[in-house]
Amino acid sequence: PVITLGVKGDGGRSHIVASMSRLSELGIDVSETGRGGDVTYHGPGQIVAYPLIDIKRLGMGVRALVAGIEQAIIGVLRDYGVDAGLIAGAPGVYIDGVKIASLGLRIRKGRSFHGLAFNIDMDLEPFQRINPCGFQGLQVTNLSALVDVSSLAEVEDRLVAGLCGVLGYN
């Protein structure tokens, strides 16, 4: 389990609401990253995917990449019968205003680094120790709270297929 800090604002430090000693007691590390965005939690039962894409070679802009990743996640959720969408000004994927997937990219020299975190079947309690993505009071959920999920690997396979589809890979 780890809380990662992006480069937005103060790197997310002001959005950690638990003491560092308490996080340490819970076995949760805090790590600074070079990704975009603010603070988030990563733990078992979450898909963390870093699509390393040469967007320059693909002729794709940053916004198109972000939109493609979000649409791939929305497609996976649709496969499970879950209606998901976006919130203007708040990257990621939401179900009725509750976040299920976060994005934190970095683009350097036309190449993407870092990526996404998609909550599948995890303990959500650590999210209460932060303001996820810098939004106070933001609720988070995971797919297993909405539908039966046979395996994390099945969701991963669907996500990889969806990402390949939106990026034009086969």
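What counts and what doesn't
- Residues numbered from 1 in each chain as written.
- Predicted model: local features only at pLDDT ≥ 70, side-chain atom pairs only at ≥ 80, totals over all residues.
- Heavy atoms only, no water.
- 1 Å grid on protein atoms, 1.4 Å probe; cavity = no way out; pocket = protein on both sides within 12 Å on 5 of 7 lines; lining within 4 Å.
- Points joined across faces, edges and corners; volume = space filled by probe spheres on them.
- Helix = DSSP H or I, 4+ residues; strand = E, 2+ residues; numbered from the N terminus.
- Nonpolar A, V, L, I, M, F, W, Y, C, P; charged D, E, K, R; others polar.
- Buried < 20%, exposed > 50% of the residue type's maximum accessible area, 1.4 Å probe, protein only.
- Contact = heavy atoms within 4.5 Å.
- Pairing = 2+ DSSP bridges.
- Axes fitted to C-alpha atoms, helices over the stretch in contact; angles between N-to-C directions.

In this structure, the largest pocket encloses a volume near 450 Å³. Taken together, the elements giving at least two residues each to the lining of the largest pocket come down to β3 (39–42), α3 (62–79), β7 (98–108) and β8 (111–119). Ranked by residue count, the leading element in the lining of the largest pocket is β7, at five residues. For the lining of the largest pocket, the residue count by class is 12 nonpolar, nine polar and four charged.

Structurally, the position occupied by Y41 is in strand β3. On the accessibility criterion, Y41 (4% relative accessible area) is buried. Y41 sits 88 residues away from R129 along the chain, and the two C-alpha atoms are 9.2 Å apart. In contact with Y41, other than residues within four places in its own chain, are P1, V2, I3, I28, Q46, M122, D123, P126, F127 and I130.

Further remarks concern the sheet that holds strand β2 (residues 29–32). Reading across the sheet, the three strands line up as β2-β1-β3 and stay open at both edges, with mixed pairing between neighbours. Looking at the sheet topology across the chains shown, the edges are occupied by β2 and β3. This sheet shows a mean twist of 25° between the axes of neighbouring strands, independent of strand direction. Here strand β1 (residues 2–5) pairs with β3 via four bridges, running antiparallel. Its bridge partner being in β3, T4 is matched across the sheet by T40.

Bear in mind that shape data such as this cannot, by itself, settle questions of function.
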